[in-house]
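Survey of secondary and tertiary structure
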Amino acid sequence: MTDNEAAREDDADGPLLFGRVLDGEGGARVIGWDEARDWKPAAPGEIMWVHLCRNRAGVTEWLRDGLGLPEPTWELLVSDRTRPRAFREAGTLVATLRGINFNPGAQPEDMISMQLWCDGARLVTLRRHPMQSPRRVLKAIDDGIGPRDCGAIVTELAENLVTRMNAAIVDMNDHIDELEQADLEGDTDSMLDRITSIRRNCLALKRHMGPQHVALEAISREAPPWFEDHDRREIAETIDRLRRYLDDIDISKESAMVMQDELRARALAANERATYMLTIVAGIFLPLGFLTGLFGINVGGMPGLEDPEAFWWVVGLCIAIMFALYFLFRKLRWL
């Protein structure tokens, strides 16, 4: 979202972020909050779409009293329980969908939700944090090339939410490719941290996108009659795209796990090799240390105390023992 768009939302008309009345022919006119609350179609084909900030004053009262929604429905539309879901309620469609959070400072896994309610003539979308997908659909409508009915708007909103997930998945795959081409003998701790972050992102995306897949299937299968056949075909394509993204996430997660296992195996092998070499060195110098310690005791009766060549005899004996142990270890294939 641009700075200008954010400023417009800050100066919104009550809870209304934007409102449009579509004429069914590709055109639309701006509608304010006062008019939206009591709006009725003035001509056949007219459709009202209002986008609201659900945590602002006046939303709950309008959903309950203005639209006459039952308590479970309006509570869902304004609640923070944002697990993706969708269901049909008489002639209306109620849904909660999620999209990637592209707001400054957000992480890809910090997905944000959008609730919607529609009866075929009125479409109400609600969000808590700024979202780009509704603004993209709005721009197409204002340019005269947008959807012309509620079903098409719902379809395009779902398509935009899913399509924008691809950017996060591609970025994650780029990081995986970079790690696969990197020197695995480099900074292992840093690489493991990056891989762990990728796996965490995969799990977060899968946790939200899996239920979203089910929600979109519910829209396609259970939507009221005003959701036309061409809308179902469009939502089916979005479902297929989301399924491919889920497969990509699974592949990314498996690739990250393979790299993580390889790095850990290499680190473990290096530690075992170092421990093994220290054991061999200790095995060689243990008898030498015993020998030198024995000859270093300061008691009477030590041989060679008066012999000037005794030191060299001890040195030669130590060297001989060292070579004997070396060849013994080689024969035992310990070296």
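Everything here concerns the structure above.
Summarised in this report is the structure supplied together with it. Computed from a prediction, not measured in an experiment: that's the story for all the values here.

Quick look at the packing of helix α6 (residues 150–163) against helix α9 (residues 229–295) now. The interhelical angle for the contact between α6 and α9, taken along N-to-C directions, is 10°, at an axis separation of 9 Å. Between α6 and α9, the interaxial angle falls into the category roughly parallel. Facing G151, A152, T155, A158, E159, V162 and T163 of α6, the residues of α9 in contact are D231, E234, I235, T238, R241, L242 and Y245. Looking at side-chain class alone, the contact of α6 with α9 contains six nonpolar, four polar and four charged residues.

This part takes up the sheet that holds strand β6 (residues 112–118). Overall, mixed pairing links the seven strands, which are arranged β2-β1-β3-β7-β6-β5-β4 in an open sheet. Since the sheet does not close on itself, it has two edges, and those belong to β2 (28–30) and β4 (85–89), each with one partner. Neighbour to neighbour, the strand axes of the sheet diverge by 15° on average, direction disregarded. As defined by bridge partners, strand β1 (residues 16–22) adjoins β2 across three bridges and the pair is classed as antiparallel. By the bridge assignment for β2, L22 is matched with A28. Running at roughly 145° to β6, helix α4 (residues 71–78) makes contact with β4, β5 (92–99), β6 and β7 (122–127) of the sheet. Each of β4 and β5 is contacted by helix α8 (residues 188–222), which is oriented at about 155° to β5, the strand it contacts most.

Below, the discussion takes up the nonpolar core. Across soluble globular proteins, nonpolar side chains have a tendency to be buried as a group. W49, L116, L123, M209 and L216 are the most contacted members of the largest nonpolar core, which has 55 residues in total. Looking at this core, the element that brings in the most residues is α8, giving 11 residues. Those residues in contact with M209 that lie beyond four places of it in its chain are M111, M165, I169, L242, Y245, L246 and I249.

Among the secondary structure elements, S79 is positioned in the loop between α4 and β4. Contact partners of S79, with chain neighbours within four places excluded, come to R54 and Q115.

Glancing now at a nonpolar patch on the surface. Nonpolar side chains collect at one region of the surface, where V281, F285, I319, M322, F323, Y326 and F327 lie side by side and expose about 660 Å² of accessible area between them. Going through the elements one at a time, α9 and α10 (310–331) are the ones with two or more residues in the nonpolar patch. The element contributing the most residues to the nonpolar patch is α10, with five residues. Locating I319 in the fold gives a position in helix α10. In this structure I319 comes out as partly exposed when scored by relative accessible area, which is 40%.

Conventions used here
- Residues numbered from 1 in each chain as written.
- Predicted model: local features only at pLDDT ≥ 70, side-chain atom pairs only at ≥ 80, totals over all residues.
- Heavy atoms only, no water.
- Axes fitted to C-alpha atoms, helices over the stretch in contact; angles between N-to-C directions.
- Helix = DSSP H or I, 4+ residues; strand = E, 2+ residues; numbered from the N terminus.
- Parallel < 35°, antiparallel > 145°, perpendicular 65-115°, else oblique.
- Contact = heavy atoms within 4.5 Å.
- Nonpolar A, V, L, I, M, F, W, Y, C, P; charged D, E, K, R; others polar.
- Pairing = 2+ DSSP bridges.
- Core = buried A, V, L, I, M, F, W, Y, C linked by side-chain atoms within 4.5 Å.
- Buried < 20%, exposed > 50% of the residue type's maximum accessible area, 1.4 Å probe, protein only.
- Patch = residues over 30% accessible without salt bridge, like charges linked within 9 Å, V, L, I, M, F, W, Y side chains within 5 Å.
- Areas by Shrake-Rupley, 256 points an atom, 1.4 Å probe, with all protein chains shown as cover.
- Salt bridge = Lys/Arg side-chain N within 4 Å of Asp/Glu carboxyl O.

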